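Structural characterization, general
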Amino acid sequence: MGINYHEAERLLTLETRSTAYQMKIAPMGILCHQYYGRRIRATDLSYLDRYYDRGFSGPLYEYRRDRTPSLDTLPQEYTSCGVGDYRINSIDVINADGSQCADFRYVGHEIRAGKYAIPGMPSVYDNGGEMETLIVTLQDPVTRLTLRLYYGVLYERDVITRCAELINEGTEPIVLNKAASLCLDLPCGDWDLMHFYGRHCLERQVERSPLPHSIQTISSTRGMTSHHHNCFAILCDHQATEDDGACCGMMLVYSGSHKIEIEQDQMESVRVVMGIHDQQFSWRLEAGASFFTPECILSYSADGLAQLSHNFHDTLRHNVCRGRWKLERRPVLINSWEATYCDFDDQKILRIARQAAALGVELFVLDDGWFGVRDDDNQGLGDWYVNRRKLPDGLAPVIRQINEMGMKFGLWMEPEMVSEDSDLYRAHPDWALTVPGRKPMMGRNQLALDLSRQDVRDYLYGVLSDLLRENHIEYIKWDMNRCISDVFSRLLPSGRQGEVGHRYVLGVYDLLERLTGEFPDILVENCAGGGGRFDAAMLAFSPQIWCSDDTDAVERVRIQYGTSFGYPVSTMGSHVSASPNHQTGRTTPLHTRGIVAMSGTFGYELDPTTLTEAEREEVRRQIADFKRYYWLIQDGRYYRLTDPMKRNDFDAWQFAARDGSEALLNLIVNRTQANAQQFRIRWKGLDPDGFYRIEGEDTLFTGDALMYGGYAFPLMSGDYPAVQLHLVRVEEA
Ligand code: DGJ
């Protein structure tokens, strides 16, 4: 299928439906990268490597009279370190004798059916017969540090996965100061870098710029994926558009500190190195021990950014998300946070629930404030027992009444955190991540628990599983509201403190694995003050992630736009909230808010008891529409029709059924003008030979006219109006 070895040329080729990836076991056992791009036949591309004596890029010892092949210029699959490749290295080690080099030479390889797994970390998986694995083994001949490079080929989705394992087969300990997941050398091309930056309430904004002749770093040192830099980047042709041009996406399946380094070197070659951030990281590898890096998902499209996004969307939806809810229709929810914040009691909650049920909402989520002593966000985290002042009879009767209204019940929690003002902290101050003798940073006036510790995880598992066992909870919102700092674990020796950050992330995965394993029917929504941990690894536990704490529809258009480059709509938590909006004070029509929230998992986050009858009617219509369009939105093709980063007068995006039978176009006006220009949009993903009607209209359109000629919208007035058009293929009139 996808992986072949050509003995004569010592060539390893990976093939997907439309792409090819080629590496060669070059002389001296160097594993060279030769090609990643549009699918080609398995021709040996080593003719492309012409070697010259590049000054100050010295050769390997074996070539000392030749002076041409240098590690500093060879494209490689994973670099050595300290032995003459002056570009970004994949690895950084300290050997027992204090030397800081590793020199990896090919030892062997094997090809296996199915997909490799990574112990303790989520990764892409095979649904049965979809994937193949290549494992290439290299070794440093002196220390016997062994490198195993894993490649997974997901043929149909044009995806290749990679990770590395380092095994100490020597007799002395080795310290890893850096161990990347991916090294990708792209010897030719004129690349732009696209990355997704932001801040709290403004996640995943898109920046695109030509690569400079320097090293660019996109990273998080926050112990979490972060609102600030997502662990996803794209290299694309300068000319690449949504519909055309070469682009290569790289996504780390990881939820902790990460680093993507991109270097354009002296020969105009580009190297990308991606993995766990090396700041505050080290890992002591005893003799016989092994270390796995997280996985990196790679995809290449020769046909523009939309196709690249579709490859990632399908992979995340079908090969990363797990469990009952990955493809099941998710309930339309109402979340209590912006309706009540921490100020509620059972009567208020039930009033809101009753109104929501009457509108057609299917799941009521009780957000922050139900536990311990929690009147604001300065107290109570860690005390996961019911606040009897607010809920005097406990959770059970509230849940029962909500169930009787015909809704499921969901609950917010923030298991990784503890407030200083909590019973848990008073009993176990040493369970928090703090450095002895120092005052810790207090994000949201709370501390992170040391999840690298088994005893802390066991405690949390006990408390949370009791809560879930004793109550009919069908949804969990798993929040995390501060960055990790003061990283020190009291159970590890001084020489292993560099492991705590990564062990924390492994601890989160372990806890989530145990809980989702025991309660497979519970729908989990991940959240970190909005989208601070929006990553593929979290999607393995929670098929949806709260996209941002900014619920303003106008802002959300840009946030959801940026998120869509890597992540499917079915993962983006999005709600209709009150107007004026609580974060921005902006007033927008309910219709507009509905359209924007529908391009996500869809729900409400407002107090329905304050709605007018006309608004209630509109909400009922929105819920009915969302249910009608559910599969088109969640499983159709998503198309970006405008670039909201350009701050246009209007923005538009669209969903199209994979068979071209229907489509849903959404347009929001950002700036209303008198005597405005007409907004014209070209539809995408239709059947060019088909005939279509817009629901509620008589005009018959041809698919090709709508796709190539476009559609002209009537002028709209007022602040932030929006339209949603449902297009259906019909028989010729
Ligand atoms: C941050 C989340 O993003 C909000 O939706 C809400 O759950 C608050 N935390 C509660 O503290």
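What you are looking at is a predicted structure, and each value in this text was computed from that prediction instead of being measured. (Residues numbered from 1 in each chain as written. Predicted model: local features only at pLDDT ≥ 70, side-chain atom pairs only at ≥ 80, totals over all residues. Heavy atoms only, no water.)

1. Some points on the environment of G710
- Note that G710 resides in the loop between helix 12 (703-709) and strand 38 (711-712).
- Measuring from C-alpha to C-alpha, the distance between G710 and R680 comes to 6.3 Å, with 30 residues separating the pair along the chain.
- Discounting chain neighbours no more than four positions away, the residues touching G710 are I681, R682 and A705. (Helix = DSSP H or I, 4+ residues; strand = E, 2+ residues; numbered from the N terminus. Contact = heavy atoms within 4.5 Å.)

2. Comments concerning the site of the ligand
- Taken together, the neighbourhood of the ligand is formed by 13 residues, with D367, D368, K477, D479 and D549 sitting nearest.
- With respect to the ligand, the side chain of D479 contributes an N or O atom lying 2.7 Å from a nitrogen atom.
- Within the backbone of G530, an N or O atom sits 3.0 Å from an oxygen atom of the ligand.
- Here the ligand has 290 Å² of accessible area as a free molecule, and 98% of this is covered by the chains.
- Across the shell around the ligand, the residue classes tally to four nonpolar, three polar and six charged. (Near = heavy atom within 4 Å. Polar contact = N/O pair within 3.5 Å; in protein donor to acceptor, adjacent residues only side chain to side chain. Areas by Shrake-Rupley, 256 points an atom, 1.4 Å probe, with all protein chains shown as cover. Nonpolar A, V, L, I, M, F, W, Y, C, P; charged D, E, K, R; others polar.)

3. Some words on the domain arrangement of the chain
- Domains assigned within the chain are domain 1 (3-319), domain 2 (324-416 + 456-480 + 523-632) and domain 3 (650-730).
- In this structure, domain 1 and domain 2 have C-alpha centres spaced 38 Å apart.
- At the junction of the two partners, domain 1 supplies 32 residues and domain 2 supplies 35 residues.
- Across the domain 1 to domain 2 interface the summed buried area is about 2600 Å²; carbon plus sulfur atoms make up 57%.
- Linking domain 1 to domain 2 there are zero salt bridges.
- Counting across the domain 1 and domain 2 interface gives 21 residue pairs in polar contact (both at pLDDT 80 or more).
- At the level of elements, strand 11 (191-199), strand 12 (202-210), strand 14 (229-237), strand 15 (247-253) and helix 1 (305-320) are the ones that each hand at least two residues to the side of domain 1 that touches domain 2. (Domains from an automatic or database assignment. Buried area = accessible area lost by both parts, 1.4 Å probe. Salt bridge = Lys/Arg side-chain N within 4 Å of Asp/Glu carboxyl O.)

4. Here we look at the packing of helix 6 (residues 454-470) against helix 7 (residues 500-518)
- Following both chains from N to C, one finds helix 6 and helix 7 inclined at 30°, their axes separated by 10 Å at the closest point. Between helix 6 and helix 7, the angle is such that the two are roughly parallel. Helix-helix and strand crossings are classified by hand; for helix 6 and helix 7 the assignment is right-handed. Across from Q454, R457, D458, L460, Y461, L464, S465, L468 and R469 in helix 6, the residues of helix 7 making contact are G507, D510, L511, R514, L515 and E518. (Axes fitted to C-alpha atoms, helices over the stretch in contact; angles between N-to-C directions. Parallel < 35°, antiparallel > 145°, perpendicular 65-115°, else oblique. Left-handed = near helix turned anticlockwise from the far one by under 90°.)

5. As for helix 1
- Here helix 1 is 16 residues long and its end C-alpha atoms lie 21 Å apart, about the 22 Å a rise of 1.5 Å per residue gives.
- Among the 16 residues of helix 1, 15 are classified as buried, and the element is accordingly described as predominantly covered. (Expected span 1.5 Å × (residues − 1). Buried < 20%, exposed > 50% of the residue type's maximum accessible area, 1.4 Å probe, protein only.)

6. Let's talk about the side chain of E525
- With respect to the helices, strands and loops of the structure, E525 is situated in strand 27 (residues 523-526).
- K477 is the oppositely charged side chain nearest to the buried, salt-bridge-free E525, at an N-O distance of 6.4 Å.
- A polar atom in the side chain of E525 sits 3.0 Å from the side chain of Y475.
- A distance of 2.6 Å separates the side chain of E525 from the side chain of Q544, its partner in a polar contact.
- Residues contacting E525, with those up to four places away along its chain left out, are L333, Y475, I476, K477, W478, S542, Q544, I545, W546 and G573. (Lys, Arg positive; Asp, Glu negative; His and termini not counted.)

7. Describing the packing of aromatic side chains
- Evaluated as defined, the whole model comprises 30 aromatic pairs.
- Taken together, the ring pairs connect F196, F232, F312, F534, Y561, F565 and Y567 into an aromatic cluster.
- One Lys or Arg, R322, reaches over the ring of F541 and ends 5.1 Å from the middle of that ring.
- In this structure, K390 is placed above the aromatic ring of F344, and the distance from its NZ or CZ to the ring centre is 4.9 Å. (Phe/Tyr/Trp six-rings, centres within 6.5 Å; stacked < 30°, edge-to-face > 60°. Lys NZ or Arg CZ within 6 Å of the ring centre and 35° of its normal.)

8. Looking at the nonpolar core
- The biggest cluster of nonpolar side chains holds 199 residues, and the ones touching the most others in it are L166, L184, I234, F364, L366, W370 and L395.
- Contacts of F364, omitting those with residues within four sequence positions, involve I334, S336, I349, I352, A353, I402, M407, K408, F409 and G410.
- Of all hydrophobic cores here, the second largest spans 23 residues; its members include L667, L686, L725 and L727. (Core = buried A, V, L, I, M, F, W, Y, C linked by side-chain atoms within 4.5 Å.)

9. Considerations on unusual backbone geometry
- Residue P580 follows S579 across a cis peptide bond; omega there is 0°.
- Within the element layout of this structure, P580 appears in the loop between strand 30 (575-577) and helix 10 (590-598).

10. Some thoughts on the sheet that holds strand 27
- The nine strands are arranged 29-28-27-26-23-22-21-31-30 in an open sheet whose pairing can be described as parallel. Both edges of this open sheet fall to strand 29 (572-573) and strand 30, since each of them pairs with a single strand only.
- When strand 28 (residues 544-546) meets strand 29, the two strands line up parallel, connected through two bridges. When the bridges of strand 29 are listed, W546 appears paired with G573.
- Of the strands in this sheet, strand 22 (363-366) and strand 23 (408-413) are in contact with helix 4 (residues 395-404), which crosses strand 23 at around 140°. (Pairing = 2+ DSSP bridges.)

11. Re the pairing of strand 8 (residues 145-154)
- Most of strand 8 is tucked away: ten of the ten residues are buried.
- Covered by surrounding structure in strand 8 are L145, L147, L149, Y151 and V153 together with T146, R148, Y150, G152 and L154, the residues of both alternating faces.
- Direction of pairing for strand 7 (residues 131-139) relative to strand 8: antiparallel, over a ladder of nine bridges. Bridge assignment links M131 to a residue of strand 8, and that residue is L154.
- Hairpin geometry of strand 7 and strand 8 is characterised by an intervening segment of five residues between the two adjacent antiparallel strands and by a positive phi of about 60° at R144.
- Across ten bridges, the pairing between strand 8 and strand 9 (residues 159-168) is antiparallel. Within strand 9, the position partnered with Y150 by the bridge is C163.
- Hairpin connection between strand 8 and strand 9: a loop of four residues separates the two successive antiparallel strands, and D158 in this loop has a positive phi of roughly 55°.

12. A look at the state of the cysteines
- One pass over the structure, following the stated rule, counts zero disulfides.
- In this structure C247 is a free cysteine whose sulfur lies 6.1 Å from that of C236, the closest cysteine sulfur available.
- With no disulfide partner, C483 has as its closest neighbouring cysteine sulfur the one in C527, 13 Å distant. (Disulfide = S-S within 2.5 Å.)

13. Some thoughts on helix 11 (residues 613-635)
- Across its 23 residues, helix 11 extends 33 Å between first and last C-alpha, which sits within 8% of the 33 Å expected from 1.5 Å per residue.
- At Y629, helix 11 shows its maximal bend, which comes to roughly 60°. (Bend = angle between axes of the 7 residues up to and from the residue.)

14. Comments concerning the sheet that holds strand 32 (residues 637-640)
- Read from one edge of the open sheet, six strands run 32-33-34-39-36-37, paired in antiparallel fashion. A single partner strand is all that each edge strand has here, and the edge strands are strand 32 and strand 37 (700-702). The average undirected angle you get between the axes of adjacent strands in this sheet is 25°.
- Note: strand 34 (residues 662-669) against strand 39 (residues 722-730), seven bridges, orientation antiparallel. The residue of strand 39 that forms the bridge with A663 is L727.
- This element, helix 10, spans strand 33 (650-656), strand 34 and strand 39 of the sheet and lies at about 55° to strand 39.

15. A closer look at the pattern of salt bridges
- Scanning the model with the defined rule gives 61 salt bridges in all.
- E62 is the partner of R105 in a salt bridge, and the nearest nitrogen-oxygen pair spans 3.3 Å. Residue R105 is found in strand 6 (residues 105-113), and its partner E62 is found in the loop between strand 4 (30-38) and strand 5 (91-94); the two are separated by 43 residues along the sequence.
- Between D85 and R271 there is a salt bridge, with the nearest N and O atoms lying 3.0 Å from each other.

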